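Close look at the chain arrangement
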Protein chains: 2
Amino acid sequence: MGEFRLVELLARIAEEGQGKQSAHRQRLVIGIGDDAAAWRSDALITLATVDCLVQDVHFTLDMTTWNELGWKALAISLSDIAAMGGVPQYVIVSLGLPGDTEADDVADLYRGIIKLGNRFGVVIIGGNVSDATIAFISTTVLGSATGQDNILTRSAARAGDRIAVTGNLGAAAAGMKMLKQKMPLGPEDSASLRQAFLRPCPRIAEGQFLAEQGVNAAIDISDGLIADLSHLCRASRAGARIDIDRIPIHPAAKNGFGDRSLEMALSGGEDYELLFTASTGVIDRVKTRASFPVTVIGEVVADKTGMVTLVDREGRPYKPAGTGWQHFAMGS
Amino acid sequence: MGEFRLVELLARIAEEGQGKQSAHRQRLVIGIGDDAAAWRSDALITLATVDCLVQDVHFTLDMTTWNELGWKALAISLSDIAAMGGVPQYVIVSLGLPGDTEADDVADLYRGIIKLGNRFGVVIIGGNVSDATIAFISTTVLGSATGQDNILTRSAARAGDRIAVTGNLGAAAAGMKMLKQKMPLGPEDSASLRQAFLRPCPRIAEGQFLAEQGVNAAIDISDGLIADLSHLCRASRAGARIDIDRIPIHPAAKNGFGDRSLEMALSGGEDYELLFTASTGVIDRVKTRASFPVTVIGEVVADKTGMVTLVDREGRPYKPAGTGWQHFAMGS
């Protein structure tokens, strides 16, 4: 199947699979199939982000279906919009595909993108397909924010802020390990870990809620709690202290991996939960009003810019063991 | 050099290399370094497009410098904005890089992007760097148009329209062949063909001018004159007849390749000139007012949707010889 026919097939799948009611779709003037997409702008602030999944680096085709791959490729970019507190609107997909890729598989990849996109009214507006010796999927997502003051940034953390996270951590890394080593876990834990790793759910509503409640600083957890907290601290020229006994480790990760689940939560990455900081007052309000789990795990400190210090509940320094700590070193 | 340090290096190069005076830059609220870029929207219509260059498919590192590669990666996406008659504003870069890539080379790639971007005030607002076994560069460009009626589309060609092109054709394909076969051409032709292949200049001002003058249908020549005309015809549900004796073949291609330059102009691709159609009246006005070369090469016909017919100056059917005609077959 030639490139042009493939693009037409993908355009048809997108056309049929995406709800016509989406406000973003109604503002589209030109969708897939012209030199560029065009839409009537409605945003005060436009947001844009790109992320990429590369075969044999971020995924292997024996561990993921094409549908899951499409879902995840969109999820990782939507998660960046979530971390800004924004509303995702459009996605542009740049695919690299080996010559022997089946058209059915690419169609399934697109269906995975559409499946997640439909949850948030996100519309595929264009893309590109290139020959390549390995598969890659680069997703650029465009979104909006209502104003400059309603954006969550990495640089807005202040000494004295509490540090909090949405949801639970460690499940994605646990899911990857389980799949890689073909570990026979119980059916519920197994399903839950697979889902966490292959179909992460970007915290779009949560990000918008945090921005509305007065939170200013956030990042999504893609590289790992410590690495991403370190990014946030560097951008804010501050440090952080985390109480490891307060970290909300995902129950299925704990069930499957016991004590090793702490390291998965600290540095496994790919959980796509939101990590944010705010004053005690704002955090208390968020905790009271939020319809999703929020856990305070530490605080922003004035010294040691970019450094993340780990302590246990008695305040004793915690020394992480094992591997997987390259993020820690890089960020510090 | 780790990914984070590399991203910081690239952010610094972009910060230093890009003019602070750009109106697009002044509207930026968040640039490189946060989860997403953010800017104050000013457009009535927003345009977006993505294109990708893949190692050993679209380029080889023995034929191009990293700087040229960066230039071209941006040029091919800018050309899509040109083909809409739009104003390019921002670019987001998704890179795949083998682990042994030198930081200096990536910096040079970015300098190539910036060099071309600065010509049009286009600002790099974000990106992503992934490990990969091959290098790839995916560029998403965002732009604006003043209104829905000022967009050049592929679907607006009408039977009876004249078909015209900007500039000359065939130089990019000639340049590729010259470099591949290390052909010893004269210094002027050689420089001109290398430039055409490795540093194409997107026809931004030309596209805007055409839209202002009442042209409605356009596409940029990336796949080749026949292939791209076929795309335009399919989108417009029309056919096309081209007089091969009127095709403006690039003089350096003619000098270097003689009669073979016609096929390069017809199906070589990558010239990034604009192919457009309009009524005779509009075309005459364009030809009178344009400060760039415009050549009428044929007309849009009502029958044979998507088909491109070639004739010589006596109206006899022209049968292309040789290879390189897969585009023709695909588009028909």
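The model shown is predicted, which means the values in this text are computed figures rather than measured ones.

Some details on the overall build of chain A
- Tallying secondary structure elements over chain A gives 12 helices and 12 strands in all.
- Here the C-alpha radius of gyration of chain A, 20 Å, is about what a compact globule of 332 residues would show, namely 20 Å.
- Its C-alpha atoms give chain A principal-axis dimensions of about 65 × 50 × 35 Å.
- In chain A, which comprises 332 residues, the share counted as buried stands at 56%.

A word on the domain arrangement of chain A
Residues and elements named next belong to chain A.
- Taken domain by domain, chain A comprises domain 1 (3-149) and domain 2 (152-331).
- In this complex, domain 1 contributes 17 residues to the contact, which on the side of domain 2 involves 20 residues.
- Every element with two or more residues in the side of domain 1 that touches domain 2 is listed here: α3 (66-82) and β4 (87-97).
- A total of nine residues in the side of domain 1 that touches domain 2 trace back to one element, the largest contributor, which is α3.
- Within the side of domain 1 that touches domain 2, the residues separate by chemical class into 11 nonpolar, three polar and three charged.

Topic: the relation of the copies chain B and chain A
- Under the fitted operation, chain B is carried onto chain A by 0.0 Å of movement along the axis and a turn of 180°, and the coordinates agree to an RMSD of 0.0 Å. Put plainly, the chains are arranged around a two-fold axis.
- In this assembly the copies share their binding face: 98% of the residues contributing to the interface of chain B also contribute to that of chain A.

Re helix α4 (residues 103-119) of chain B
All names here are of chain B.
- Taking 1.5 Å of rise per residue, the 17 residues of α4 would be expected to cover 24 Å, and the 25 Å separating its terminal C-alpha atoms lies within 8% of that figure.
- Taken together, the buried positions of α4 are occupied by Val 106, Leu 109, Tyr 110, Gly 112, Ile 113, Ile 114, Leu 116 and Gly 117.
- At the C-terminal side of α4, Gly 121 shows a positive phi close to 65°.

Focus: the sheet that holds strand β5 (residues 123-131) of chain B
- The strand order across the open sheet built from six strands is β1(A)-β2(A)-β3(B)-β6(B)-β4(B)-β5(B), with neighbouring strands paired in mixed fashion. Either end of the sheet is taken by a strand with one partner, and the two such strands are β1 (28-30) of chain A together with β5 of chain B. Adjacent strand axes in the sheet meet at a mean angle of 20°, parallel and antiparallel pairs treated alike.
- Direction of pairing for strand β4 (residues 87-97) of chain B relative to β5(B): parallel, over a ladder of eight bridges. The residue of β5(B) that forms the bridge with B:Tyr90 is B:Val123.
- Sheet contacts for α4(B): β4 and β5 of chain B; angle to β5(B), the most-contacted strand, approximately 155°.

Here we look at the pairing of strand β11 (residues 294-301) of chain A
Residues and elements named next belong to chain A.
- Two strands pair when backbone bridges link them, and strand β7 (residues 162-166) and β11 are joined in this way by five bridges, in the antiparallel orientation. Bridge assignment links Ile 163 to a residue of β11, and that residue is Gly 298.
- Pairing geometry for strand β9 (residues 239-243) and β11, over four bridges, is antiparallel. Bridge pairing in β11 links Gly 239 to Val 301.

Here we look at the pairing of strand β8 (residues 217-220) of chain B
All names here are of chain B.
- Residue alternation in β8 divides its side chains into two sets, Ala 217 and Ile 219 and Ala 218 and Asp 220, and both sets are buried.
- Strand direction decides the pairing type here: β8 and strand β10 (residues 274-278), joined by four bridges, are antiparallel. For Ala 217, the partnering residue across the bridge sits in β10 and is Thr 277.

Side note on unusual backbone geometry
All names here are of chain B.
- For Asp 56, which is not a glycine, the phi torsion comes out positive at approximately 70°.
- Turning to its location among the elements, Asp 56 is positioned in the loop between β3 (45-54) and α3 (66-82).
- In this structure Asp 56 comes out as exposed when scored by C-beta crowding, with 12 C-beta atoms within 10 Å.

Comments concerning the sheet that holds strand β2 (residues 37-40) of chain B
- Pairing is mixed across the open sheet formed by six strands, whose spatial order is β5(A)-β4(A)-β6(A)-β3(A)-β2(B)-β1(B). The strands lining the two open edges of the sheet, one partner per strand, are β5 (123-131) of chain A together with β1 (28-30) of chain B. Averaged over all pairs of adjacent strands, the angle between strand axes in this sheet comes to 20°, irrespective of strand direction.
- Pairing geometry for β4(A) and strand β6 (residues 136-145) of chain A, over nine bridges, is antiparallel.

Observations regarding the environment of B:Trp66
All names here are of chain B.
- Within the secondary structure, Trp 66 is located in helix α3.
- Counting along the chain gives 46 residues from Trp 66 to Gly 112, while the straight-line C-alpha distance between them is 7.4 Å.
- Setting aside residues up to four positions removed in sequence, Trp 66 forms contacts with Asp 105, Asp 108, Leu 109 and Gly 112.

Considering the interface of chain B and chain A
- The interface of chain B with chain A comprises 56 residues on the first partner and 55 residues on the second.
- Take the side of chain B that touches chain A: its biggest share by element is nine residues, from β3(B).
- By residue class, the composition of the side of chain B that touches chain A is 30 nonpolar, 18 polar and eight charged.
- Of the pairings in the sheet, the one linking strand β3 (residues 45-54) of chain A to β2(B) comprises four bridges and is antiparallel in character. Bridged to A:Ile45 within β2(B) is B:Arg40.

Quick notes on the environment of B:His58
- As for its position among the elements, B:His58 is in the loop between β3 and α3.
- A sequence separation of 11 residues divides B:His58 from B:Leu69, and the C-alpha atoms of the two residues are 10 Å apart.

Description of helix α5 (residues 171-180) of chain A
All names here are of chain A.
- Most of α5 sits inside the fold, with seven of its 10 residues counted as buried.
- Those residues of α5 that fall on the buried side of the exposure criterion are Ala 171, Ala 172, Ala 173, Ala 174, Gly 175, Met 176 and Met 178.
- On its buried face, α5 is in contact with α6 (187-198), α9 (251-257) and α10 (260-267).
- Residue Lys 182 follows α5 closely and has a positive phi angle near 45°.

Points about the environment of B:Thr60
- Inspection of the secondary structure puts B:Thr60 in the loop between β3 and α3.
- Distance from B:Thr60 to B:Thr288, taken between C-alpha atoms, is 41 Å for residues 228 residues apart in sequence.

Describing the packing of helix α1 (residues 3-17) of chain A against helix α4 (residues 103-119) of chain A
All names here are of chain A.
- One can describe the packing of α1 onto α4 by two numbers: an axis separation of 10 Å at closest approach and a directional angle of 35°. Our pair here, α1 against α4, has a crossing hand that is right-handed. Along its contact with α1, which presents Leu 6, Leu 9, Leu 10, Ile 13, Ala 14 and Gly 17, the element α4 presents Ala 103, Val 106, Ala 107, Tyr 110, Arg 111 and Ile 114.
- Classifying every residue of the contact of α1 with α4 by side-chain character gives 10 nonpolar, one polar and one charged.

What to know about the confidence of the model for chain A
- Scored by pLDDT, chain A comes out at a mean of 92, with 96% of its residues at no less than 70.
- Note on the complex model: pTM 0.93, ipTM 0.91.

Brief notes about the packing of α5(A) against α6(A)
Residues and elements named next belong to chain A.
- As a packed pair, α5 and α6 sit with axes 7 Å apart at the nearest point and diverge in direction by 110°. Accordingly, the angle class assigned to the pair α5 and α6 is roughly perpendicular. In this structure, α5 uses Ala 171, Ala 172, Ala 174, Gly 175, Met 176, Met 178 and Leu 179 to contact α6, whose residues at the interface are Ser 190, Ser 192, Leu 193, Arg 194, Ala 196 and Phe 197.
- Partitioning the contact of α5 with α6 into residue classes produces nine nonpolar, three polar and one charged.

Conventions adopted
Residues numbered from 1 in each chain as written. Chains lettered and ligands numbered in written order. Predicted model: local features only at pLDDT ≥ 70, side-chain atom pairs only at ≥ 80, totals over all residues. Helix = DSSP H or I, 4+ residues; strand = E, 2+ residues; numbered from the N terminus. Rg over C-alpha atoms; globule rule 2.2 N^0.38 Å. Buried ≥ 20, exposed ≤ 12 C-beta atoms within 10 Å, placed from the backbone. Domains from an automatic or database assignment. Contact = placed C-beta atoms within 7 Å. Nonpolar A, V, L, I, M, F, W, Y, C, P; charged D, E, K, R; others polar. Least-squares fit on C-alpha atoms with pLDDT ≥ 70 in both. Expected span 1.5 Å × (residues − 1). Pairing = 2+ DSSP bridges. Axes fitted to C-alpha atoms, helices over the stretch in contact; angles between N-to-C directions. Left-handed = near helix turned anticlockwise from the far one by under 90°. pLDDT = per-residue confidence, 0-100. Parallel < 35°, antiparallel > 145°, perpendicular 65-115°, else oblique.

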